[in-house]
Amino acid sequence: MRALLRFFIRQHNIILFLSLEFLCILLTIRYNDYQHNISFNFFKEFTGSIHQLVFSVTKYIGTVEENVKLAEENAKLRTIINQYTINDTVRIKKDNINDFIPAKVVYANINTANNYLVIDKGSKDSILPDMGVISPNGVVGIVKDVSENFATVLPIINVNAHVSARIKTNDYFGTTIWDGKNSTQINLADIPYHVKLKIGDTVITSGFSTIFPEGIEIGTISSFDYNEGNDFYNIVVKLFTDFRKIKYVYIVRNKHSLEFKTLEQRLKNEQ
Amino acid sequence: MNNRIENHIIRFILLILLQVYVINNILFFNVVNPYIYIYFILLLPFQTPKWLLTLLGFLIGFLVDLFTGSIAIHAAATTFISFLRPYILQLFAPIDEYQKNSQPTLEFYDLSWWIKYSLSVSFVHHSALFWLEKFNFTHFGFVLLKTIVSSCLSVFLMTLFQLFFNKPLNKK
């Protein structure tokens, strides 16, 4: 207490000066409209920018949850959309054959010939081998192996992965092949060379299996040619899916898949 | 000129009246606005206690504010310079320090000392005043120019007062 008192006595001039200046500034702001407005606006700006700062930090809280929610909602909407397909202007409601299960890519190896992805859904989420995997941009690949919580996916850019594909404009179908070189493009085989092709034509899934629903986009034709004495084109398809950025995918679950397979199996056994 | 209290009181009143009714009504090119009432603070005796100096600075500024309706803008500036005055005096102190019984006038110290002393005080005062008037830093160059020209004119006028009312050193 005495030290405080001594401090006040020793510094009386500075304290007097500071309190007088404080008083002057207060009076200046209080009694002069111009200064009043400027300081009022300044403090408004100041508190406003603090509000903004706090918001810019807090708005990211819960983003992960939000993403999961949005992915689930997207999956639901895709299921609904899939019930309706446009067929020559007549809208037909199909059976609800396909479910879309959202998943996150937790690991992606795309720089070798044997590329694969790992997703965070497994047998617990009723994922089975040979289910199709798509992204919002297009086809990703096929489920290869399933553990309890994870599944491996063979992407279409794997030399062992083949997907039945069709050219959207003329309905000719073929099979995708990857040459193991460029992860942004694949080849489309088995298109006979009498077919008229255009660069930029869209390639979609054919729907000839239960893996992918019909009409999921794969990519666009970026170049084509054919060798003399060969009946088929060499077509290069530029992929819509960017495997270097892939993050959220959907697994296609076809409710008739088992039925389809048994039938197919029966046919093979008879032969 | 002696150093009696009456003289300071009379100077105090006259300077406020001169500032408010004469100087403030003369517009020098719309830019220059000298403030000569700080002459009172400049001339206060060396021995004035610091707290009294600060208080008197506030008082004269506040009275000018009351007359001109700019409550507390002048008071802020004058409080500031009267607080700084001892430090400015120390800065320009002669080698043998200020003599006892001397006053901060041309009677006791030479012209270059007076100019340095009054110009620093005016510059600080005018800067504080003009910035408080503008209250933002958008017209930095303009306000700086106004400060420099106005303080030069203030110093010129206050030097004239000195030459009229105080016997300069070289005539002694």
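Here the residue numbers are simple positions, counted from 1 along each chain's written sequence. By the order in which they are written, chains take letters starting at A while ligands take numbers starting at 1. Local features in a predicted model are, by the rule used here, given only for residues with pLDDT of at least 70; side-chain atom pairs are given and counted only at 80 or more, and totals for whole chains, interfaces and linings are based on all residues. The basis for every side-chain value is the complete set of non-hydrogen atoms in the structure, without hydrogens or water.

Attention now moves to the overall build of chain A. Strands are runs of DSSP state E lasting at least 2 residues, helices are runs of H or I lasting at least 4, and numbering of each runs from the N terminus. Looking only at helices and strands, one finds five helices and 14 strands in chain A. We compute the radius of gyration from the C-alpha atoms alone; for a globule the expected value is 2.2 Å times N to the 0.38, where N is the number of residues. In terms of overall dimensions, chain A is more spread out than a globule: its C-alpha atoms have a radius of gyration of 32 Å, far above the 18 Å expected for 271 residues. Overall, chain A is about 110 × 45 × 45 Å in size when its C-alpha atoms are taken along their principal axes. Only heavy atoms enter the contact rule, under which two residues are in contact if any of them lie within 4.5 Å. At a minimum sequence separation of 6, the contacts of chain A that also span at least 24 residues come to 55%. Surface accessibility in these figures is a Shrake-Rupley result with a 1.4 Å probe; residues are shielded only by whichever protein chains are displayed. Per element, the accessible surface of chain A, about 17,400 Å² overall, is 57% carbon and sulfur.

What follows covers the interface of chain B and chain A. Taken together, the contacts link 21 residues of chain B with 19 residues of chain A. Reported buried area values correspond to the accessible surface (1.4 Å probe) lost by two parts on association, with both partners' losses combined. Summing both sides of the interface, chain B and chain A together bury roughly 1,700 Å²; the carbon and sulfur share of this comes to 74%. Summed over the three residues of chain B that lose the most area to chain A, namely B:Ile71, B:Phe83 and B:Phe135, the buried surface amounts to 32% of that side. Listing elements by their share of the side of chain B that touches chain A, those giving two or more residues are α3 (50-68), α4 (73-91) and α5 (111-134) of chain B. Looking at side-chain class alone, the side of chain B that touches chain A contains 13 nonpolar, five polar and three charged residues. When residue character is reported, Ala, Val, Leu, Ile, Met, Phe, Trp, Tyr, Cys and Pro are called nonpolar, Asp, Glu, Lys and Arg charged, and the others, Gly included, polar.

So, on to the pattern of salt bridges. Residues and elements named next belong to chain A. One speaks of a salt bridge when a side-chain nitrogen belonging to Lys or Arg is within 4 Å of a carboxyl oxygen belonging to Asp or Glu. For the structure shown, the criterion picks out five salt bridges over all chains. For Arg-253, the salt bridge goes to Asp-99, with nearest N and O atoms at 3.0 Å. Of this pair, Arg-253 sits in strand β14 (residues 248-254) while Asp-99 sits in strand β3 (residues 98-109), placing them 154 residues apart in sequence. Relative accessible area decides the class of each residue, using a 1.4 Å probe on protein chains only: under 20% of the type maximum gives buried, over 50% gives exposed, and in between gives partly exposed. Classification of Arg-253 as partly exposed rests on a relative accessible area of 24%. For Asp-99, a relative accessible area of 17% gives the class buried. Among the ionic pairs, Arg-166 bridges to Glu-214, the shortest N-O distance being 2.5 Å. With a gap of 48 residues between them, Arg-166 in strand β8 (residues 164-167) and Glu-214 in the loop between β11 (202-205) and β12 (217-225) connect regions that are remote in the sequence.

We now examine the pairing of β11(A). Residue and element names in this part refer to chain A. Between any two strands, at least two bridges found by DSSP are needed for them to pair. Pairing of β8 with β11 involves three bridges; the strand directions are antiparallel. Paired with Ile-167 across the strands is Val-203, a residue of β11. Where β11 and β12 come together, three bridges link them in antiparallel fashion. By the bridge assignment for β12, Thr-202 is matched with Thr-220.

Our next topic: the domain arrangement of chain A. When the domains of chain A are assigned, the result is domain 1 (2-58) and domain 2 (98-271). Domains are outlined according to an automatic or database domain assignment. When each unit is reduced to the centre of its C-alpha atoms, the spacing between domain 1 of chain A and domain 2 of chain A is 68 Å.

All names here are of chain A. Read around the closed barrel, the six strands follow the order β3-β4-β7-β6-β5-β14; overall the barrel is antiparallel. Across the sheet, the mean angle from the axis of one strand to that of its neighbour is 45°, orientation sign disregarded. Note: strand β6 (residues 139-146) against strand β7 (residues 151-155), five bridges, orientation antiparallel. Bridged to Asp-145 within β7 is Thr-152. Note on geometry: axes are C-alpha line fits, over the in-contact stretch for helices, and angles between N-to-C directions span 0 to 180 degrees.

On to the confidence of the model for chain A. Here chain A averages 83 in pLDDT, while 95% of its residues score no lower than 70. In predicted models, pLDDT denotes the confidence assigned by the predictor to each residue on a 0 to 100 scale. The low-confidence segment residues 86-95 of chain A (pLDDT under 50) makes 13 contacts with residues lying over four places distant or belonging to another chain.

Right, let's talk about the sheet that holds strand β13 (residues 234-239) of chain A for a bit. All names here are of chain A. With respect to topology, six strands assemble into a closed barrel ordered β8-β9-β10-β13-β12-β11, the strand pairing being antiparallel. Ignoring which end each strand starts from, the neighbouring axes of this sheet average 45° apart. Where β12 lies against β13, six bridges are found, and the strand directions are antiparallel. Its bridge partner lying in β13, Asp-225 is registered against Asn-234.

Further remarks concern the side chain of A:Thr176. By secondary structure assignment, the location of A:Thr176 is in strand β9 (residues 173-177). A:Thr176 has contacts with A:Ile156, A:Ala161, A:His162, A:Val163, A:Ala165, A:Ile186, A:Asn187, A:Leu188 and A:Ile218, leaving out every residue within four places of it along the chain.

With that settled, consider the packing of aromatic side chains. Two rings from Phe, Tyr or Trp (for Trp, the six-membered ring) form a pair when their centres are within 6.5 Å of each other. A pair whose planes differ by under 30 degrees is stacked, one over 60 is edge-to-face, and the rest are tilted. Enumeration over the complete set of coordinates arrives at 25 aromatic pairs over all chains. Their ring planes at 65° and their centres at 5.2 Å tell us that B:Tyr39 and B:Phe161 sit as a pair that is edge-to-face. With a gap of 122 residues between them, B:Tyr39 in helix α2 (residues 39-43) and B:Phe161 in helix α6 (residues 140-165) connect regions that are remote in the sequence. The burial state of B:Tyr39 is the same as that of B:Phe161; both residues are buried. Each residue in the set B:Tyr39, B:Phe46, B:Tyr98, B:Tyr109, B:Trp113, B:Trp114, B:Tyr117 and B:Phe161 is aromatic and connected to the rest through ring pairs, giving one cluster. Both a distance and an angle decide whether a charge sits over a ring: NZ of Lys or CZ of Arg must be within 6 Å of the ring centre and within 35 degrees of the ring normal. Note that A:Arg30 overlies the ring of A:Tyr31, its terminal NZ or CZ placed 5.1 Å from the centroid. The ring of B:Phe130 is capped by B:Lys146, whose NZ or CZ atom sits 4.6 Å from the centre of that ring.

A word on unusual backbone geometry. Its identity as a non-glycine residue notwithstanding, A:Ser126 has a phi of 55°, on the positive side. Unusually for a residue other than glycine, B:Glu97 sits at a positive phi of about 60°. Here B:Glu97 is to be found in the loop between α4 and α5.

Attention now goes to a nonpolar patch on the surface. Residue and element names in this part refer to chain B. The patches reported here contain residues having more than 30% relative accessible area and no salt bridge. Joining distances are 9 Å for like charges and 5 Å for nonpolar side chains (Val, Leu, Ile, Met, Phe, Trp, Tyr). A cluster of nonpolar side chains, namely Ile-5, Ile-9, Ile-10, Ile-13, Leu-14, Leu-17, Tyr-21, Val-22, Ile-26 and Phe-67, defines an oily patch on the protein surface of about 940 Å² accessible area. Of all the elements, helix α1 (residues 5-21) adds the most residues to the nonpolar patch, at seven residues. The residue Ile-26 is located in the loop between α1 and α2 in this model. Under the relative-accessibility criterion, Ile-26 is labelled partly exposed at 37%.

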